[in-house]
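Below are the chains, spelled out letter by letter.
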Amino acid sequence: QVQLVESGGGLVQAGGSLRLSCAASERTFSSSFMGWFRQAPGKEREFVAAIRTNGGRSYYADSVKGRVAISRDNAKNTVYLEMNGLKPEDTAVYYCAAARAYSGAYYYLPSYDYWGQGTQVTVSS
């Protein structure tokens, strides 16, 4: 069982930046496809970004492309989400997720096997 713990959320003004971290409990992290999702109040959980096992390729939702960067440090069992130019509509709980295998459907929630508890990001206008 892989445990994922997110951190780095908080309250920030519009235009500000945050860096989220997700620490994994297992050494198998390096072979896991990792993703970030978010869920705003009253809305469904949606894909934000994902990254392949070796960090060689990443994927982004159109709504965050150009403002967000996902990265990973396999030596630290950690994946990051750097967010810049934050907007009030980015307010949500952000979740880290891990997939044992890359299915190609990186934007699809059921593609992921493990989820963290989430970290709140609030962007004020």
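Everything that follows concerns the structure shown earlier in this document.
Here goes a summary of the coordinates provided. No experiment lies behind these values; they were computed from the predicted model shown.

Parameters and conventions
Residues numbered from 1 in each chain as written. Predicted model: local features only at pLDDT ≥ 70, side-chain atom pairs only at ≥ 80, totals over all residues. Heavy atoms only, no water. Salt bridge = Lys/Arg side-chain N within 4 Å of Asp/Glu carboxyl O. Helix = DSSP H or I, 4+ residues; strand = E, 2+ residues; numbered from the N terminus. Buried < 20%, exposed > 50% of the residue type's maximum accessible area, 1.4 Å probe, protein only. Polar contact = N/O pair within 3.5 Å; in protein donor to acceptor, adjacent residues only side chain to side chain. Contact = heavy atoms within 4.5 Å. Phe/Tyr/Trp six-rings, centres within 6.5 Å; stacked < 30°, edge-to-face > 60°. Pairing = 2+ DSSP bridges. Axes fitted to C-alpha atoms, helices over the stretch in contact; angles between N-to-C directions. Disulfide = S-S within 2.5 Å.

**What about the pattern of salt bridges?**
Line of reasoning, step 1. Evaluated as defined, the whole model comprises six salt bridges.
Line of reasoning, step 2. The shortest N-O distance in the salt bridge between R19 and E82 comes to 3.7 Å. Here E82 lies in strand β8 (residues 78-83) and R19 lies in strand β3 (residues 18-24), a separation of 63 residues in the sequence.
Line of reasoning, step 3. A relative accessible area of 30% means that E82 is categorised as partly exposed.
Line of reasoning, step 4. R67 serves as the salt-bridge partner of D90, at 2.8 Å between the closest nitrogen and oxygen. Of this pair, D90 sits in the loop between β8 and β9 (92-99) while R67 sits in the loop between β6 (58-60) and β7 (68-73), and the two are 23 residues apart along the sequence.
Line of reasoning, step 5. On the basis of relative accessibility, which here comes to 14%, the residue R67 falls in the buried class.

**Things to note about the side chain of S111**
Line of reasoning, step 1. Tracing the sequence through the fold places S111 in the loop between β9 and β10 (114-115).
Line of reasoning, step 2. A distance of 3.2 Å separates the side chain of S111 from the side chain of S103, its partner in a polar contact.
Line of reasoning, step 3. Ignoring anything within four residues of it in the chain, the contact list for S111 reads A99, S103 and A105.

**Quick notes on the environment of Q3**
Line of reasoning, step 1. The topology assignment puts Q3 in the segment before β1 (4-7).
Line of reasoning, step 2. Its relative accessible area of 54% is what places Q3 among the exposed residues.
Line of reasoning, step 3. Separated by 20 residues in the primary sequence, Q3 and A23 place their C-alpha atoms 8.1 Å from one another.
Line of reasoning, step 4. Ignoring sequence-local partners within four residues, the contact set of Q3 consists of A23, A24 and S25.

**Structural notes on the packing of aromatic side chains**
Line of reasoning, step 1. Per the stated rule, a full pass over the model turns up eleven aromatic pairs.
Line of reasoning, step 2. When the ring of F33 is compared with that of Y59, the centres are 6.2 Å apart and the planes differ by 50 degrees; the resulting orientation is tilted. Taken together, the residues F33 in strand β4 (residues 33-39) and Y59 in strand β6 connect sequence positions 26 residues apart.
Line of reasoning, step 3. Residue Y59 is classed as buried on the basis of its relative accessible area, which comes to 7%.
Line of reasoning, step 4. Consider the rings of Y59 and Y106, whose centres lie 4.1 Å apart with planes at 25 degrees: the pair is stacked.

**Considering the sheet that holds β7**
Adjacent strands of a sheet form backbone hydrogen bonds with each other and so pair up, either parallel or antiparallel.
Line of reasoning, step 1. Spatial strand order, β1-β3-β8-β7: four strands in an open sheet with antiparallel pairing. The open sheet is flanked by β1 and β7, the only strands paired with a single partner. Strand-to-strand twist in this sheet, taken as the mean axis angle between neighbours without regard to direction, amounts to 15 degrees.
Line of reasoning, step 2. Across six bridges, the pairing between β7 and β8 is antiparallel. Bridging from a neighbouring strand, S71 pairs with Y80 of β8.

**Quick word on the state of the cysteines**
Line of reasoning, step 1. Applying the stated criterion across every chain, the model contains one disulfide.
Line of reasoning, step 2. In this model C22 forms its disulfide with C96; the gap between the sulfur atoms is 2.1 Å. Looking along the S-S bond of the C22-C96 disulfide, the torsion reads about -75 degrees, which is the left-handed sense. Here C96 lies in strand β9 and C22 lies in strand β3, a separation of 74 residues in the sequence. Residues C22 and C96 agree in their burial class; the two are buried.

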